[in-house]
Amino acid sequence: MGPFHASVFLLLLYLLQGSNTSLVKLNDNGYEDVIIAIDPDVPEDEQIIEQIKEMVTAASTYLFEATQNRFFFKNVSILIPESWKENPQYRRPKYESYTHADVRVALPTLTGRDEPYTRQFTDCEEKAEYIYFTPDFVLGKKQNEYGPSGRLFVHEWAHLRWGVFDEYNENQPFYSASSKKIEATRCSKGISGLNRVYKCQGGSCITRNCRTNSTTKLYERDCQFFPDKVQTEKTSIMFMQSIDSVLEFCNENNHNQEAPSMQNLKCNYRSTWEVISNSEDFKNTTPIETPPPPPVFSLLRISERIMCVVLDKSGSMSFYNRLNRMNQAAKYFLLQIVENGTWVGMVHFDSVASIKSDLIQIKGNSERNVLLESLPTLALGGTSICSGIESAFEAIKKVTSQIDGSEIVLLTDGEDNTAGQCVETVKQSGAIVHFIALGPSAEESVIEMSTVTGGKHFYASDEAKNNGLVDAFGALTSENADLSQKSLQLESMGFTLGQDTWMNDTVIIDSTVGKDTFFLVTWYSQPPSISLWDPSGRPMEPFTQDAASQMAYLSVPGTAPVGTWTYSLQAKANSEVLTFTVTSRAANSTVPPITVNAKMNKDENSFPNPMIVYAEVLQGYVPVIGANVTAIIESNSGNTEVLELLDNGAGADSFKDDGVYSRYFTAYSESGRYSLKVRAHGGSNSARRSLQHPLNRAAYIPGWVVDGEIEGNSPRPEIDEDTQTILENFSRTASGGAFVVSDVPNLPLPDLYPPGQITDLDASPEGEEISLTWTAPGDDYDTGKVQQYIIRISGNMIDLRDNFDDALQINTTDLLPHEANSKEVFVFKPGNISEENATHIFIAIKSIDKSNLISKISNIAQVALFIPEADPSPDDNNSGVQIWVVVLSVVGSIIVVSIIVSTTICIVKKKRSSNTPETSF
């Protein structure tokens, strides 16, 4: 690969790396290639298309004003399901697919759940996955509840594009403010309104003042903040953009740092505008003077899948059993993975290329068998990747004049210094290139082809037992097909066995799958003995053996019985390598199957920077929590690292119980490509379908205050979120594609990785003491055990954040750290903080490992030094005195709990006489 192509390749990886697969780019202040996809399950309704146009057009104007004349929507593609009737206005998609959609319009997974939200499970400033709207929301049927759709789209776009968070918090809707009053969580505090309980029953509604909770000292659960309908406050869009006067994001001048909003908690108490201003979008643009033109819309209708499989049969494919392994995986793909209705052709290449099978439409086994007979049988010659691609274009043009949206599945094991010559041709063609790199020397120019066309990229080592090729082909399901049509991988295992050694294990088929269930066994030397029993103990019919390709397979007719299937494999040669793979499809088109999606946070990285593994376990759009999820990461030379992924809201995992399981990865063994594979298992006593509302869901408007009176909306339809559907046993595996790591040294290195940042520190008063809880970090991010915790307190949150080392230190001599991901508990008596006017004690932690590497400062927990004052209530008894308990009032180094008989709160404070921040208790 020449220097020009190398630089372009690295640039493209940089531009596209991250948590999502969006194709959006910013050009002259305008966002291009925005994709809004209508789910295949949505019934046909052309009004959805028209309302999407109106929403985005209104959003573009609002976005432009909100970002100080900087950003707008330039062109947007609307992806229309294949089931909708044809229209002369509709074109065939190019790179656009459901996988790349920035906005998904889909039916609500649970009845009544029409709330818009952004699927966001990464850190502040990182792009999110997608925005979710329901058809009823897009059609304007939920405007009373969520406000104008264009404004809400800008709110969600800020989540998606810039990684900011909401400035409300449904779990903490009120807080104890420094004003010593109970305030609604919001930004800015200039938003006015009333805190009230609003209840409706039998057609009549009542309004009353909020009562305080005796435990939290804040308002009761049913209390809500009702904003004034008429306001003058301009901020903030991330609080309630539906207020007419709100036109801006909160900035550092009007940001409410006190509020327990997700924006504060996730973005280190920075305002949304500060985060946006630090984005690459902002840094690469300047404001423009003239208003932008309205967005341009492209209407793209999904059509039949057209693809050509391009297989390398050069001389190097004869090494390491590569040719045979390629044929095994390709047969698996053609027999089981590719969906009916797809047009498939085949090209072979070495130093030249030839079309081995013209494109034929898969309707059943006869077409699949034609393609199976076209697989290569001999590996000879050089490597000309461009010849293979050009022949694929030729084959595709025989069935369609338009290459746009067609797919090329390219597998190669060798370098080809001429491959860069056809990168521009591929880019201009409109075809999507999926690249499977076999072995350590596969051509990197093809990664560029895959990246620029929105294709998938996989790496499979020469270590056959890791089943990398089968996993890669298994991941090449249609990106636009309905989920019920897609093949799902339930199991993928590899073993090295001695002669006559048995491998006995089980695989689970749950009730969400079972259709088209397919068992595949491959071997290296000799056919093994294979036995398979269904859950009732009935032996299955003999496997079909393909001795030439060293594989055997069995298809279960109809829908496979639910339960635990048992298999036994006996090796017939020494050091035999056997693999076992099981796939299936949804049993019922109306019940979404459980799925697993896996990915790294980047496509390219350099040593020693850490990476993050993500695995998302869902049923439809509903998170599955409590599963056992592991990641298998394999290097170029076959070195394998196994990580347990966690959904605990600590370390690499941003949110607890959101169905996203995460972990840091730092165990780099060499430079080059790595592959990711994830296994998820759910037991009947652990895995649950979470009914908790989605994170970052749009704020529901409870009503408005008009002339001092509340005009309420109907209450938001809610599900008992404490109830979780217990799931039966299930198993899934998924390929997470490939990533590249550079600059890994060969020599052993000293400890380079600090402990992970604590992100879930919580504090609560217990009499004269403060109890802290948090999840233990590890010696290296979230692995191992730290040596020591440093806990400091202050009366000023920002001082603690910015000058941690100068704050008062708490004695932690008796605090012995536990292993990473354990729950830590520590109780202490606070020292005498120096700030005269402090209303809270703020607490933060850093960790130190055995190499004296120090973590980032934790999130900041707080404890109020007063009982906050509620709004005056007509229910209060104002005839007598009010008794206030002042907790944690500090005199010297002794805790004083004062009883003050008064109508106001008194706090006794005394400055520390010593300048030394260290105080022992």
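## Regarding the overall build of the protein chain
Piece 1. Broken down by element type, the protein chain carries 16 helices and 50 strands.
Piece 2. Whereas a compact globule of 921 residues would reach a radius of gyration of roughly 29 Å, the protein chain reaches 30 Å, a difference of no more than 12%.
Piece 3. Dimensions along the principal axes, computed over C-alpha positions, put the protein chain at roughly 95 × 65 × 60 Å.
Piece 4. Looking at the protein chain residue by residue over its 921 residues, the buried ones come to 57%.
Piece 5. Taking contacts inside the protein chain between residues at least 6 apart in sequence as the whole, the part at least 24 apart equals 75%.
Piece 6. Element-wise, carbon and sulfur atoms account for 47% of the exposed surface of the protein chain, whose accessible area totals about 37000 Å².

## Some words on the sheet that holds strand E16 (residues 343-349)
Piece 1. Taken together, 6 strands build an open sheet; the order of strands is E17-E16-E15-E18-E19-E20 and the sheet is mixed. Looking at which strands have only one partner, the edges of the open sheet turn out to be strand E17 (353-361) and strand E20 (457-460). Within this sheet the neighbouring strands show an average axis-to-axis angle of 15°, counted without direction.
Piece 2. Here E16 pairs with E17 via 6 bridges, running antiparallel. Bridge pairing in E17 places Val344 opposite Ile360.
Piece 3. Where helix H11 (residues 365-372) meets the sheet, its contacts fall on E16 and E17, and the angle it forms with E17 comes to roughly 175°.
Piece 4. Here helix H12 (residues 385-397) sits on the sheet in contact with strand E15 (306-312), E16, E17 and strand E18 (407-412), set at roughly 35° to E17.

## Some words on the sheet that holds strand E12 (residues 204-209)
Piece 1. Sheet architecture is open: 3 strands sit in the order E12-E11-E13, paired in antiparallel fashion. The two strands at the open ends of the sheet, each matched to only one other strand, are E12 and strand E13 (224-227). In this sheet, adjacent strand axes meet at a mean angle of 50° when their direction is disregarded.
Piece 2. Two strands pair when backbone bridges link them, and strand E11 (residues 193-201) and E12 are joined in this way by 6 bridges, in the antiparallel orientation. Looking at the pairing, Arg196 lines up with Asn209 of E12.

## A closer look at the confidence of the model for the protein chain
Piece 1. In this model, the protein chain carries a mean pLDDT of 89, and residues with pLDDT of at least 70 account for 92%.
Piece 2. Ignoring residues within four places in sequence, the model shows residues 1-19, a span with pLDDT below 50, making 35 contacts including any to other chains.
Piece 3. Below pLDDT 50 for its whole length, residues 875-921 participates in 98 contacts with residues either more than four positions away or in separate chains.

## Overview of the state of the cysteines
Piece 1. Evaluation of the coordinates by the stated rule reveals 5 disulfides.
Piece 2. The disulfide that involves Cys124 links it to Cys267, with 2.1 Å between the sulfurs. The S-S bond linking Cys124 to Cys267 shows a torsion near 105°; that makes this disulfide right-handed. Of the two residues, Cys124 is situated in the loop between strand E7 (117-119) and strand E8 (130-133) and Cys267 in the loop between helix H7 (262-266) and helix H8 (272-277); the sequence distance between them amounts to 143 residues.
Piece 3. Residue Cys124 is classed as buried on the basis of its relative accessible area of 12%.
Piece 4. Residue Cys267 is classed as buried on the basis of its relative accessible area of 1%.
Piece 5. Residue Cys200 pairs covalently with Cys205 via a disulfide, S to S 2.0 Å. Taking the sign of the S-S torsion, about 105° here, the bridge from Cys200 to Cys205 comes out right-handed.
Piece 6. Described in terms of the sequence order of its bonded cysteines, the disulfide pattern of the protein chain is 1-8, 2-7, 3-4, 5-6, 9-10.
Piece 7. Cys422 supplies the cysteine sulfur nearest to Cys308, a cysteine that is in no disulfide, at a spacing of 14 Å.

## Considering the pattern of salt bridges
Piece 1. Counting across every chain of the model gives 36 salt bridges.
Piece 2. Across the salt bridge formed by Asp782 and Arg663, the nearest N and O atoms sit 3.3 Å from each other. Of the two residues, Asp782 is situated in the loop between strand E43 (769-775) and strand E44 (788-794) and Arg663 in strand E35 (residues 660-665); the sequence distance between them amounts to 119 residues. For the residue pair Asp782 and Arg663, the accessibility class agrees, reading buried in each case.
Piece 3. Salt-bridge contacts for Arg801 lead to Asp802; the nearest nitrogen and oxygen are separated by 2.9 Å.
Piece 4. Residue class for Arg801 comes out buried when judged on its relative accessible area of 19%.
Piece 5. A single salt-bridge network, built from bridges that share partners, covers Arg113, Glu115, Glu170, Arg697 and Arg716.

## Observations regarding the environment of Lys266
Piece 1. Structurally, Lys266 is set in helix H7.
Piece 2. Between the C-alpha atoms of Lys266 and Tyr219, which are 47 residues apart in sequence, the distance is 24 Å.
Piece 3. Ignoring anything within four residues of it in the chain, the contact list for Lys266 reads Asp123, Cys124, Phe165, Ser654 and Phe655.
Piece 4. Looking at Lys266, its side chain comes within polar contact range of the main-chain oxygen of Ser654, at 3.3 Å.

## A few points about the side chain of Arg732
Piece 1. Mapped onto the secondary structure, Arg732 falls in strand E41 (residues 730-742).
Piece 2. Among the polar contacts made by the side chain of Arg732, one reaches the side chain of Thr512 at a distance of 3.2 Å.
Piece 3. A distance of 2.7 Å separates a polar side-chain atom of Arg732 from the backbone oxygen of Ile594.
Piece 4. Other than its neighbours up to four places away in sequence, Arg732 contacts Leu488, Gln489, Leu490, Asp510, Thr512, Val513, Ile594, Val596, Val678, Arg679 and Ala680.

## So, the nonpolar core
Piece 1. Phe153, Trp162 and Phe249 are the most contacted members of the largest nonpolar core, which totals 70 residues.
Piece 2. With 9 residues, helix H2 (residues 46-66) is the single largest residue contributor to this core.
Piece 3. Ignoring any residue separated from it by four or fewer positions in sequence, one finds Phe153 in contact with Met55, Val56, Ala59, Phe73, Val103, Ile131 and Phe133.
Piece 4. With 39 residues, the next largest nonpolar core counts Phe607, Val629, Ala680 and Tyr753 among its residues.

## Some points on the pairing of strand E28 (residues 576-586)
Piece 1. Among the 11 residues in E28, 11 count as buried, and that is most of the element.
Piece 2. Judged from the 9 bridges that link them, strand E21 (residues 488-497) and E28 form a sheet pairing that is antiparallel. Note that in E28 the partner of Gln489 across the bridge is Thr583.
Piece 3. In terms of strand pairing, strand E23 (residues 513-522) meets E28 through 7 bridges, oriented antiparallel.

## Some details on H12
Piece 1. Counted at 1.5 Å a residue, the expected span for H12 with its 13 residues is 18 Å, and the 19 Å between its end C-alpha atoms agrees.
Piece 2. By the burial criterion, the buried members of H12 are Ile385, Cys386, Gly388, Ile389, Ser391, Ala392, Phe393, Ala395 and Ile396.
Piece 3. Elements that come into contact with the buried residues of H12 comprise E15, E16, E17, E18, helix H13 (423-429) and helix H14 (445-452).

## Structural notes on the packing of helix H10 (residues 322-337) against H11
Relative placement of two packed helices is described by the angle separating their axes and the distance separating the axes.
Piece 1. For the pair H10 and H11, the least separation of the axes is 9 Å and the interaxial angle reads 170°. Relative to H11, the element H10 is oriented roughly antiparallel. Residue-level inspection shows Lys331, Leu334, Leu335 and Gln336 of H10 in contact with H11, the latter providing Arg368, Leu371 and Leu372.
Piece 2. Residue composition of the contact of H10 with H11, grouped by class: 4 nonpolar, 1 polar and 2 charged.

Each value, and the rule that gives it
- Residues numbered from 1 in each chain as written.
- Predicted model: local features only at pLDDT ≥ 70, side-chain atom pairs only at ≥ 80, totals over all residues.
- Heavy atoms only, no water.
- Helix = DSSP H or I, 4+ residues; strand = E, 2+ residues; numbered from the N terminus.
- Rg over C-alpha atoms; globule rule 2.2 N^0.38 Å.
- Buried < 20%, exposed > 50% of the residue type's maximum accessible area, 1.4 Å probe, protein only.
- Contact = heavy atoms within 4.5 Å.
- Areas by Shrake-Rupley, 256 points an atom, 1.4 Å probe, with all protein chains shown as cover.
- Pairing = 2+ DSSP bridges.
- Axes fitted to C-alpha atoms, helices over the stretch in contact; angles between N-to-C directions.
- pLDDT = per-residue confidence, 0-100.
- Disulfide = S-S within 2.5 Å.
- Salt bridge = Lys/Arg side-chain N within 4 Å of Asp/Glu carboxyl O.
- Polar contact = N/O pair within 3.5 Å; in protein donor to acceptor, adjacent residues only side chain to side chain.
- Core = buried A, V, L, I, M, F, W, Y, C linked by side-chain atoms within 4.5 Å.
- Expected span 1.5 Å × (residues − 1).
- Parallel < 35°, antiparallel > 145°, perpendicular 65-115°, else oblique.
- Nonpolar A, V, L, I, M, F, W, Y, C, P; charged D, E, K, R; others polar.

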